[in-house]
Structure formats: C-alpha cells, structure tokens
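Secondary and tertiary structure notes
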Amino acid sequence: MSNKIGFVSLGCPKALVDSERILTQLRLEGYEIASDYAGADVVVVNTCGFIDSAKQESLDAIGEAIRENGRVIVTGCMGVDSAAIRAAHPSVLHITGPQAYEAVVGAVHEVVPPRKDHDPFTDLVPPQGIKLTPRHYAYLKISEGCNHSCSFCIIPSMRGKLVSRPVGEVMNEADRLVKAGVQELLVISQDTSAYGVDRKYKTDFWNGRPLKTQLLPLAEALGDLGAWVRLHYVYPYPHVDDLIPLMAQGKILPYLDIPFQHASPSVLAAMKRPAHAEQVLERIRRWRDTCPDITLRSTFIVGFPGETEADFEQLLEFLHEAQLDRVGCFTYSAVKGAAANALPNPVPEDIAQARWEQFMEHSADISARKLARKVGQSVEVIIDTVDAEDGVLIGRTKADAPEIDGSVFINGDHYSGQPGERITVTVTGADTYDLYAGIDPD
C-alpha cells in the first residue's frame, strides 16, 4: 500500500476544523493525502447530519466513495445515525460520530497500517497543522457542543453539551496560525458567546499573561495578533454588548454573525429561543451608535410549525427596522429527533417557499441599497484570488466573511501581489451582494 488517504469533508466550518485535525494527525503519522479516489488506500468521509438534505448529500458522498474506491470510513455528525448509513451502504468499514479524532485514526490504522519506516523528523507537518482553507484565513474553533435546547435543532444530541477549550490553548493555536501567514481568524463554535461558561471562566495563561476563559478577554487577546478577527455564531447574550467597543477601536472586525432565527414572540417561544424583537432593535441601535461601521449578519427560518401570516409579517417588519447587512434564510425542514416535529399546525411547503421568496426579496433590496451607498468610498480589502490573465482580483471587505457573504471584484491590471494581501481600493460600482472597485494609487 502507498499509505495514501482520501478525504471528503462536508458540512459547516466546525466540521471542516474536525477534518483538519484528523488530517494533521494522519500526516504526523506519515500518511499522505491522495488527490483522487484512485490513488487512495482508504477514503474518510466526514459527514453532515443537520437537516435531511445534508444527510442525503452525505449518503450520496459515501456512495460515490464506495463506487470509486470501495474502502470507506465514515465520521462526523451523521455518524450518530449509523443504522441509516449501514442500511444505505452496508459495506462501510467503520462509523464514528463527530469529534471522534482518535477513533477515526484508529480505524485508518486497521485498514492501512502506519509505515514502519515513518520518520517524524523527516515527515514534517507545519506548526499550524494541515489546513483546508486558503493560506491567508483559517477557522479557529473555541468550543464544542451547545447547552441550548432549540426545538428545531439536534446539535446537542450529536455534539454534546458545551465544552470550551482552555483559552491558552486557543491563543497558542491562533498565534501559530498568524505566524504561518494567516491574515484572518474566523472564530467559530456552536455558541461563541457561551465560551468559558462550562469552565466557570477559569483564568488561564498565555505568554505569561493571565486571561479568563471568556469571550471578551479572548477577543481582546486575539486582536493583539495583527490579523483580522471575525466572530461567528454569536448568541445575543447581554455581554455581547461589551464586544462592540473593541470593534469601534479596530481591535477586532466590526462584524457580528448573530442567528436571530425569527422576530415573532410566539414563533421564538416555539423555537425555545429567548428574544424580543423590540429589545433586539434597541440593542442594534446602541451597537450602531457605538460602532457606526458594524456589519450585522443573521439567519432566519420561515415556515416554522405554527407560523401564521401575522408572524411572518412581523418578521418582515423586523427586517425593515433592523436593516441587517447580511441575511440568510431557510424554509423549515423537519429533522429526525428534533422536538419541533411534534408541534401542531405545520406550514404547507408551498406557503413556506412563498414566504422564503418574499423574505429574500426584502433582504436583497436592503443589501442593494446599502452597497450602493459605498460607491465612491475607499475600503480595505483582503485579496482571495488573483487572476493575472484577466487582470481581475477578487477580495473581501471587513464586512464580508468568506464563502457566505459578498465579494469585491477589482480591476487588477499591473497588480503583482498575492492572495492574502490587504490593499485599499475605491468602490466604483455595486449590485445586490457584490462590489466593484479599482486599486487606489500609492
């Protein structure tokens, strides 16, 4: 055997980090990463199991790996439903759930034993580990699991309760990433705001500096590393307000990803999510008073069981009042094991789809008007792609997270830089979600 491992990573950035950790451990043990099915001795599929469509995508990926290679190990969130995987693909060699790094590596050992001539002094792995993102940005996962019991979600049953990483360990990883050239740290978890609550905000040390295991001290320390720091999956606890001055000071990016999910009190109660639209709107006003440049991203669910036309209109009104910068929306999808499945008055699919279309039309109009106001402004962007042949650069502003937000398309004639560089451009045009710009002269 060639000791080459094929790897398929599905799902969210948190699953991507799991894949990076598994691959890093395998590389440390001398395994190589295959670029295709044919060159792999075994294929690992890291699955997603959040909603039915994701489960089907995972089953399809497993099936493709079996057809193309025949030797498949399955891990990830869908791994908790091993019966469904076995029913569809009985030839799978081994199945584990999420975060089961040692079990996955052990399963690889059984199929493809480690090389006897492996020399850790010559088979080197970079200090930051194996990354599946471009060199200039990386996801920094600060905790696993979640303590909430949202009725539409089964994450706690798959990933367990909240387990925060020690703040010194998180900072050491972040420091290694920045020293390796990472220009943007994307902080992720299931509930970023809850970081440290399970550790009772224990004080740890990093470079001799005492730090509490809590989001605010962590954000302050990350802001000292010189990279962009972007916060994702921030649950709207009251202490989130304390982060906004850091954004106004330029310590971390003026960007908050907060999944509000809805605005109707009755729907939020059915979702088991504490919130009140009027209080949220007042907080948003205060945030913008403190940091006028703040970008607010959120996600919503329409068509939730029991959602009435009045509930939906209340959501649209909230969207109009909040003027959120970046918005994602999903129609409700029943998930096996979720408490919401038992709720009365399901919304017919055609009505849910119509509400989704209306919601997205409203959000698109808000986005287009906000971006149009940026025309003529100079903004800092981080370059993701350099197309020297066409003379086009693709980058992102501080208001844009990779893969989920918009891009800036830049006239890059005579540009000789590389992805990851941060440059200043002047916005020359805008559409619904993207900007167009030229490079400012030195």
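For the structure, check the block above.
By convention here, each chain's residues receive numbers from 1 onward along its written sequence. Under the rules for a predicted model, residues below a pLDDT of 70 receive no local features and side-chain atom pairs below 80 are neither given nor counted, while totals for whole chains, interfaces and linings still include all residues. Excluding hydrogens and water, the side-chain figures rest on all heavy atoms present in the structure.

**So, the packing of helix H11 (residues 309-322) against helix H12 (residues 349-372)**
Helix packing geometry: the angle between the two helix axes and the distance between the axes. Only C-alpha atoms enter the line fits that serve as axes; for helices the fit covers just the stretch in contact. Angles between N-to-C directions range over 0 to 180 degrees. Only runs of H or I of at least four residues qualify as helices and only runs of E of at least two qualify as strands under DSSP, and these elements are numbered from the N terminus. For the pair H11 and H12, interaxial distance at closest approach is 10 Å and the crossing angle is 10°. As far as their axial angle goes, H12 and H11 are roughly parallel. Of H12, the residues touching H11 (which contributes Glu309, Phe312, Glu313, Leu315, Leu316, Leu319 and His320) are Arg355, Gln358, Phe359, His362, Ser363 and Ile366. Angular relationships are summarised with four words: roughly parallel below 35 degrees, roughly antiparallel beyond 145, roughly perpendicular across 65 to 115, and oblique for the angles in between. Any pair of residues with heavy atoms lying within 4.5 Å of one another is described as a contacting pair.

**Section: a negative patch on the surface**
Only residues whose relative accessible area exceeds 30% and that take part in no salt bridge are eligible for patches, with like-charged residues grouped when within 9 Å of each other and nonpolar side chains (Val, Leu, Ile, Met, Phe, Trp, Tyr) grouped when within 5 Å. All accessible areas in this document rest on Shrake-Rupley with a 1.4 Å probe, and a residue is counted as covered only by the protein chains that are shown. By convention in these notes, a salt bridge is any Lys or Arg side-chain nitrogen within 4 Å of a carboxyl oxygen on Asp or Glu. Positive charges come from Lys and Arg, negative ones from Asp and Glu, while His and the chain ends are left out of the count. Where a charge sits is defined by one atom per residue type, namely NZ (Lys), CZ (Arg), CG (Asp) or CD (Glu). A surface patch of negative charge is lined by Glu57, Asp60, Glu64 and Glu68. Assignment of secondary structure puts Asp60 in helix H2 (residues 52-68).

**A short note on the side chain of His262**
Here His262 lies in the loop between strand E13 (255-257) and helix H9 (265-271). Here a polar contact means two N or O atoms within 3.5 Å. Within protein one must be a hydrogen donor candidate and the other an acceptor candidate, and residues neighboring in sequence count only if both atoms are side-chain atoms. Among the polar contacts listed, one links the side chain of His262 to the side chain of Glu307, at a separation of 2.7 Å.

**A short note on the sheet that holds strand E5 (residues 94-95)**
Within a sheet, each strand pairs with its neighbour through backbone hydrogen bonds, oriented either parallel or antiparallel. A pair of strands counts as paired when DSSP detects no fewer than two bridges linking them. Ordered by their spatial adjacency, five strands build an open sheet running E2-E1-E3-E4-E5, and the pairing between neighbours is parallel. Two strands close off the open sheet at either side, each with one partner strand: strand E2 (32-33) and E5. Alignment of strand E1 (residues 4-9) against E2, held across two bridges, turns out to be parallel. Each residue of the ladder has a partner; that of Ile5, found in E2, is Ile33. On the sheet, H2 packs against E1, strand E3 (42-47) and strand E4 (72-76) and is oriented at approximately 175° with respect to E3. Against the sheet, helix H4 (residues 101-111) engages E1, E3, E4 and E5, with an angle of about 175° to E4.

**A look at helix H1 (residues 13-28)**
Two residues of an α-helix separated by three or four positions point the same way, owing to the 3.6 residues in each turn. Expected span of a helix, by definition, is 1.5 Å for each gap between consecutive residues, and there is one gap fewer than residues. Over its 16 residues, H1 extends 22 Å from the first C-alpha to the last, a length consistent with the 22 Å expected when each residue adds 1.5 Å. In terms of residue burial, H1 counts as a mostly covered element, since 12 of its 16 residues are buried. Exposed residues in this analysis have more than 50% of their type's maximum accessible area, buried residues have under 20%, and partly exposed residues fall in between, with area computed by a 1.4 Å probe over protein chains only. Within H1, the full set of buried residues consists of Lys14, Ala15, Leu16, Val17, Asp18, Ser19, Glu20, Ile22, Leu23, Thr24, Leu26 and Arg27. The first or second residue beyond H1 is Gly30, which carries a positive phi of 95°.

**Thoughts on the environment of Ala103**
One can find Ala103 in helix H4. Exposure remark for Ala103: the relative accessible area of 33% places this residue in the partly exposed category.

**Describing the sheet that holds strand E18 (residues 408-411)**
On the basis of which strands lie adjacent, the closed barrel formed by five strands has the order E16-E17-E18-E20-E19 and mixed pairing. The average undirected angle you get between the axes of adjacent strands in this sheet is 50°.

**What to know about the pattern of salt bridges**
The full count for this structure, using the stated rule, is 28 salt bridges. As a salt-bridge pair, Lys336 and Asp81 come within 3.9 Å of each other at their nearest N and O atoms. Taken together, the residues Lys336 in the loop between strand E15 (326-331) and H12 and Asp81 in the loop between E4 and helix H3 (82-88) connect sequence positions 255 residues apart. Residue classification places Lys336 among the exposed positions, given a relative accessible area of 60%. On the basis of relative accessible area, Asp81 is assigned to the buried category, the value being 18%.

**Some remarks on helix H6 (residues 167-179)**
Here H6 spans 18 Å end to end across 13 residues, near enough to the 18 Å set by a 1.5 Å rise per residue. If you check which residues of H6 are buried, you get Val167, Gly168, Val170, Met171, Glu173, Ala174, Asp175, Leu177 and Val178. The inward-facing, buried residues of H6 contact strand E6 (137-141), strand E9 (184-188), strand E10 (203-206), strand E11 (209-212) and helix H7 (215-223). A positive backbone phi angle near 110° is found at Gly181, which sits one or two residues after H6.

**Some words on the environment of Asp325**
As for its placement among the helices and strands, Asp325 is situated in the loop between H11 and E15. Here the alpha-carbon distance between Asp325 and Thr385, two residues 60 residues apart in the chain, equals 24 Å. With residues near it in sequence (within four places) discarded, Asp325 still touches Arg288, Ile294, Thr295, Leu296, Ser367 and Lys370. A polar contact is formed between the side chain of Asp325 and the side chain of Lys370, at a distance of 3.3 Å.

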